[in-house]
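Coordinate analysis (summary)
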Amino acid sequence: MTTDTRRLPPRKDAVVLEREGRPRMVVYVFGRYVRAAHWIRNALLIWLVLSGIYLGNPFLARSLTGDTSSTFTLAQVRGWHVAAGWILLAFTIARIYQFLFINERGRLGLGKELKMAPILVNWKAWRDQLAFYLLMRREHPHFTYSNYGPLQYLVYTALYAALLIISVTGILIAAPYLQSGVAVWSAGLLSPIETALGGIANVRTLHHVTMWFFILFTLVHIYMAVWNSMRTGNLLVEGIISGFAAKDMPDAREATDDDFEAPGEPAAEDTTKEG
Amino acid sequence: MTTARRHAGPDPTHHDLEARTQEHYEWLAAEADKNLDRLEAQDPVHDVTLDDVLKRRGLSRRDFLKMSAVMTATLGLPPMFDLRVARAQEVATRLPVIWQELQSCSGNSMALIRNANPGTDELLLDLISLEYAEILMAPSGQAAEDVLADAIERYDGQYIAVFEGSVPVAEDGGYLTIGPTGETGVHKVEHISRHAAAVIAAGTCSAYGGIPAARPNPTTAMGVADFLGQRGIGTPVVNLPACPVSSTNVVGTILEYAMFGRLPSLDAYGRPLWAYQDRIHDKCERRGHFDAGEFVEGWTDIEGLKAGLCLFKVGCKGPMAYNNCGVVRYNEGASWPIMAGHGCIGCSEPGFWDTLTPFEVPLAGRVYSTPFGTDADADTIGTVALGAAAAGVAIHAGATALKAATESRSDAKKEQ
C-alpha cells in the first residue's frame, strides 16, 4: 500500500473540482486492495447466489439421450460453489482482521474501524443520518471520529457477521461430501454449532436464508451508493473504480485527520461513505 | 502424503494405525469375553435355549452362524467377533428386557415382529427374556401390571428398558394413562428407568418426541432422554430413531449390550455410531444421478421414475438424514423408501416433522408462517422483501428528485 500512499495528493496540489456549487478536492480514498477486494467479493457473491439457487433446487434439465455416466453437472456446480465460498471466506477473514487489528497508521493494533463503534450509540448521529436519508436535511452529517454513519456501520458489521454465518454453515454442509481436507477438519471443530442448531437441516435452512441478506444488501447498497454520490457529489461510486473521491475542502470547516494525510502516512483504507 | 507413499514405500504411520487397530480389537474382544462369561454364569431368566429356538424355526447351526456374521458386519466389527456375536445371542436368555409403550402408534413393535423370514432379529426376540411388552404379552389389566411390578423388583438394576413413543408431560402427564390404575406415562417412565441398567429409546417419538412433538406440540411431548435429563435420572440412554426403527438397529444395540455390558458409542444426538454415522445420501443407490444432476422432475415424470433417477427434486431429505436404511433396509433387507421410489423424509432426525417438511419438495421449499396469514417459503418471502425494497428505492428516488428540484428552484430564487 506504500506505493498508493505516495500518490496521495498533498493538500496544496489536490485537484479541486466544482461540485454542487462548492469547491471539492479530489483525494485518493480507496487503495488497490480495497477496490480489487470489493469487486472480487462482488463477483464471488453473484456466482455463489446463482450456483446456490441451483444447488437448492437444481433447475438445469437433465439429458436422457446418450450416455451420462461421465456427466457430473451438480457435482461440478457444487465443487465451484464450495471453491468460491473458500475464496470469499479468505477475503472475509482478511477484512475482519483489518477491521479489528489495523489502526490509523496502518499498523497492527486496535482497529481503526473498531474504534468507530461508538457511532452506533451516538443518538445525534443517528438522528442526523436518518434526517439526511429522509430528505429532511440537505447536508451530509459530518462525523469527526467515524468514516461511517451509524446505519452504515451497523449494516456493514451485519454484512461481515452474515459472511461468517454463511461460511460456517457452508463448511458444515460441504464437509459430508468430502473425504478429507480442510472442510472436514474444520467441520469437526464447528460440529457443536450444528448440534446447537438442531441438525444439518437447520444448518442448510440458515445458509439459504442468509443468502437473502446478501441479495437485499446488494440492492440497497447499490442504490445508497449511487444516491449518496449524486446527492452529495462525493464521487464515491467512481471512487470504488478509480480510487479517487471528492471531499469538502478542509478549510471549509474544522480540519480533521481524515481530511488530510501527510505524504508517507498510509492512506485511509476503506472510507466508504456511500451508504 | 499419497504421492510420498507411492514413492517411498509403505507409510510407517499407516502400519502404526493397523497395529493400533488390531490391538484395540483384541482389547475389545477380551472385554466381550469377560462380559459374556459373566453373563453366562448367571442363571437363565427363562427356560428357552438357542437350540430350541433354532429347531422350532427350522434353522441349522450353520444358518445361525451365517446370520451372526452378517450382524457382526452390521455392527462394524471384524470377523473375529462372529462367534462372540453368536455367543451373545446364546446368553441373551439371561438379559431381561421390559418394553413399555408410551404415546406411540406401536409401529416399532410391528416392524420388529412382522418379519417374513426368521432372521437374527426375530431370533433374538425369542431368546431375550421379554418380561413385559403390552403388544406381545398374554396377560392384560391388573395381571399385566403385576408382571411389570414383579419384573422391576426381581431384576432391579439389571434389565434393559425399551421405550416406544414420546413422553407427554403437559397436564402432569394426563395425556397418557396406562393400565387399570390409570398410571401416567410420565410416572411409568420415571419408575421403569430408575431401576433399569440401560434405556433404549426405540423410534423417533421416544428418541426426540417425533410426530406428537411437532409444532404446536399440544401434549408437550418429549423424547425419553430429554425427559430423564429434566428429571435428573442418570440411567444411560441410547436413541434409536426412525419411523419405524429398523429391527436390525434394535437387535444390534441389545446384542452390543449383551456383548460388552455397556451401550455403544453415540453421536451428538445419542444415536449409536455403528448405525447412524453415515448419511442416507452417501449410502444411496441413486447417488450417482444426484452428482450427475439427473433428477425425477415430479410425480408425473414417468421416464425419470423408471430410470431410477435421483429423488432430490421430489423432496428426498437423504442429504440431511443419518441412518443405515440404505445398507440394512427394511423387512429382511427387502427394500427401503428410496428403493421403492419415494424420497427419504429424514424420519431419524430430531424434529424432522418441523424441519424437513414439506416432504415432497426440496428443503429450500420449507414453509414458514408469516404475519400476513399465509405461509410461504424462504424464496417467496425473500422475493417479496426484494420487491418491497425495490419499491422503497423507487419511492425514495422519486422523492429525492422532487426535493432536488425544489431545492434548486429556491437556490435560484436566493441568487436573484
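Computed from a predicted model, the values in this text were never measured in an experiment.

This paragraph deals with the overall build of chain A. In terms of helices and strands, chain A carries eight helices and three strands. Along its sequence from the N terminus, chain A presents helices and strands in the succession α-β-β-α-α-α-α-α-α-α-β. A separation threshold of at least 6 residues defines the contact pool for chain A, and within that pool the share at least 24 residues apart is 68%. Working note: accessible area of chain A is about 13900 Å², and carbon and sulfur atoms make up 68% of it.

This next bit is on a nonpolar patch on the surface. Residues and elements named next belong to chain A. Together, Ile165, Ile193, Leu197 and Leu206 make up a nonpolar patch on the protein surface, roughly 270 Å² of accessible area in all. With respect to the secondary-structure elements, Ile193 resides in helix H6 (residues 182–197). Judged by its relative accessible area of 36%, Ile193 is partly exposed.

Overall, the coordinates contain 26 salt bridges over all chains when judged by the stated rule. Of the charged contacts in the structure, one is a salt bridge between Arg95 of chain A and Glu113 of chain A, with a shortest N-O distance of 2.6 Å. Taken together, the residues Arg95 of chain A in helix H3 (residues 73–101) and Glu113 of chain A in the loop between H3 and helix H4 (123–133) connect sequence positions 18 residues apart. Salt bridges sharing partners connect three or more residues here, namely Arg78 of chain A together with Arg279, Asp282, Arg287 and Asp291 of chain B.

In this section: the domain arrangement of chain B. Residue and element names in this part refer to chain B. Split into domains, chain B comes out as domain 1 (22–275), domain 2 (281–365) and domain 3 (375–415). Here domain 1 and domain 2 have C-alpha centroids that lie 28 Å from each other. For the pairing of domain 1 and domain 2, the buried interface totals around 1500 Å² over both sides, and the portion due to carbon and sulfur atoms is 55%. Across the pair Arg271 and Glu349 runs a salt bridge, and its minimum N-O distance is 2.9 Å. Between the two partners, domain 1 and domain 2, sit seven residue pairs in polar contact (both at pLDDT 80 or more).

Residues and elements named next belong to chain B. Following Cys243, the chain continues into Pro244 via a peptide bond in cis, with omega recorded as 0°. The residue after Thr357, namely Pro358, is reached through a cis peptide bond having omega -5°. Note that Pro358 resides in the loop between helix H19 (352–355) and strand S10 (367–369).

Bringing the interface of chain B and chain A into the picture now. Across the contact, 48 residues belong to chain B and 40 residues belong to chain A. Taking both partners together, chain B and chain A bury about 3700 Å²; carbon and sulfur atoms supply 58% of that area. Looking only at chain B, the three residues that lose the most surface to chain A are Tyr269, Asp291 and His396 of chain B, adding up to 14% of its buried area. Linking chain B with chain A are five salt bridges, by the criterion used here. With a shortest N-O distance of 3.2 Å, Arg78 of chain A and Asp291 of chain B are connected by a salt bridge. Taken together, the links from chain B to chain A amount to 23 residue pairs in polar contact (both at pLDDT 80 or more). Put simply, the parts of the chain that give the side of chain B that touches chain A at least two residues each are helix H15 (287–292), helix H16 (302–306) and helix H20 (378–415) of chain B.

All names here are of chain B. For the pair helix H10 (residues 185–194) and helix H12 (residues 224–231), interaxial distance at closest approach is 11 Å and the crossing angle is 80°. On the basis of the axis angle, H10 is roughly perpendicular to H12. Touching Val186, Val189, Glu190 and Ser193 of H10 are Val224, Phe227, Leu228 and Arg231, all from H12. When the residues that make up the contact of H10 with H12 are grouped by side-chain class, the tally is five nonpolar, one polar and two charged.

A few words now on the environment of Ala321 of chain B. All names here are of chain B. With respect to the secondary-structure elements, Ala321 resides in the loop between H16 and helix H17 (325–328). In this structure, the C-alpha to C-alpha distance between Ala321 and Val245, residues 76 residues apart in sequence, is 14 Å. What Ala321 contacts, discounting residues up to four positions off in sequence, is Asp278, Arg279, Ile280, Cys344, Gly346 and Glu349.

Now for the confidence of the model for chain A. Residue and element names in this part refer to chain A. Put simply, chain A has an average pLDDT of 83, and 83% of its residues get 70 or more. In the predicted structure, residues 252–257 sits below a pLDDT of 50 and forms seven contacts with residues beyond four places in sequence or in another chain. Low pLDDT, under 50, characterises residues 259–275; the stretch is placed with 60 contacts to residues that sit more than four places away or in other chains.

Below, the discussion takes up the side chain of Thr184 of chain B. As for its placement among the helices and strands, Thr184 of chain B is situated in strand S6 (residues 183–184). Once residues lying within four places of it in the same chain are set aside, the contact partners of Thr184 of chain B are Asp172, Gly173, Leu176 and Thr177 of chain B.

With that settled, the discussion passes to the nonpolar core. Residue and element names in this part refer to chain B. Membership of the largest hydrophobic core comes to 41 residues, with the highest contact counts inside it found for Phe81 and Met259. With eight residues, helix H13 (residues 247–260) is the largest single contributor of residues to this core. Ranked by size, the runner-up nonpolar core spans 27 residues in total, among them Ile98, Met137, Ile152 and Val167.

Residue and element names in this part refer to chain B. Those residues of H12 that sit buried are Val224, Phe227 and Leu228. Looking down the long axis of H12, one finds its buried residues gathered within 95° of arc, a one-sided arrangement. Turned more than 90 degrees away from the buried face of H12 sit Gly229 and Gln230, all of them exposed. Directly beyond the C-terminal end of H12, a positive phi value near 70° is found at Gly232.

Moving on, we get to H20 of chain B. The end-to-end C-alpha distance of H20 of chain B is 54 Å, a good match for the 56 Å that 38 residues give at a rise of 1.5 Å each. Where H20 of chain B is concerned, the buried positions are Ala378, Gly382, Ala389, Val393, His396, Thr400 and Glu407 of chain B. The inward-facing, buried residues of H20 of chain B contact H4 and helix H7 (200–232) of chain A together with S10 and strand S11 (375–377) of chain B.

On to the sheet that holds strand S7 (residues 198–202) of chain B, then. Residues and elements named next belong to chain B. Sheet architecture is open: five strands sit in the order S2-S1-S3-S7-S9, paired in parallel fashion. Edge positions in the sheet fall to strand S2 (129–133) and strand S9 (237–240), since each of these pairs with one other strand and no more. Each neighbouring strand pair of the sheet contributes to a mean axis angle of 20°, computed without reference to strand direction. Relative to S7, strand S3 (residues 160–164) runs parallel, the two sharing five bridges. Its bridge partner lying in S7, Val162 is registered against Ile200. This element, H13, spans strand S1 (96–101), S3, S7 and S9 of the sheet and lies at about 155° to S9.

Further remarks concern the pairing of S1 of chain B. Residues and elements named next belong to chain B. Of all six residues that make up S1, six are buried, and the element is covered over most of its length. Of the two faces of S1, the one carrying Pro96, Ile98 and Gln100 and the one carrying Val97, Trp99 and Glu101 are both buried. Two strands pair when backbone bridges link them, and S1 and S2 are joined in this way by four bridges, in the parallel orientation. Paired with Val97 across the two strands is Leu130, which belongs to S2. Note that S1 and S3 share five bridges and pair parallel.

Below, the discussion takes up the packing of aromatic side chains. All chains considered together, the criterion is met by 22 aromatic pairs over all chains. Aromatic pair Phe290 of chain B and Phe312 of chain B: ring centres 5.6 Å apart, planes at 70°, arrangement edge-to-face. Taken together, the residues span a long stretch of sequence, with Phe290 of chain B in helix H15 and Phe312 of chain B in the loop between H16 and H17 at a distance of 22 residues. The exposure class of Phe290 of chain B is buried, given its relative accessible area of 4%. Here the basic side chain of Arg78 of chain A rests over the ring of Tyr177 of chain A, its NZ or CZ set 4.1 Å away from the ring centre. Looking at Arg84 of chain B, its charged tip hangs above the ring of Phe81 of chain B, at a distance of 5.7 Å from the centre.

Conventions used here
- Residues numbered from 1 in each chain as written.
- Chains lettered and ligands numbered in written order.
- Predicted model: local features only at pLDDT ≥ 70, side-chain atom pairs only at ≥ 80, totals over all residues.
- Heavy atoms only, no water.
- Helix = DSSP H or I, 4+ residues; strand = E, 2+ residues; numbered from the N terminus.
- Contact = heavy atoms within 4.5 Å.
- Areas by Shrake-Rupley, 256 points an atom, 1.4 Å probe, with all protein chains shown as cover.
- Patch = residues over 30% accessible without salt bridge, like charges linked within 9 Å, V, L, I, M, F, W, Y side chains within 5 Å.
- Salt bridge = Lys/Arg side-chain N within 4 Å of Asp/Glu carboxyl O.
- Buried < 20%, exposed > 50% of the residue type's maximum accessible area, 1.4 Å probe, protein only.
- Domains from an automatic or database assignment.
- Buried area = accessible area lost by both parts, 1.4 Å probe.
- Polar contact = N/O pair within 3.5 Å; in protein donor to acceptor, adjacent residues only side chain to side chain.
- Axes fitted to C-alpha atoms, helices over the stretch in contact; angles between N-to-C directions.
- Parallel < 35°, antiparallel > 145°, perpendicular 65-115°, else oblique.
- Nonpolar A, V, L, I, M, F, W, Y, C, P; charged D, E, K, R; others polar.
- pLDDT = per-residue confidence, 0-100.
- Core = buried A, V, L, I, M, F, W, Y, C linked by side-chain atoms within 4.5 Å.
- Arc of directions from axis to C-beta.
- Expected span 1.5 Å × (residues − 1).
- Pairing = 2+ DSSP bridges.
- Phe/Tyr/Trp six-rings, centres within 6.5 Å; stacked < 30°, edge-to-face > 60°.
- Lys NZ or Arg CZ within 6 Å of the ring centre and 35° of its normal.

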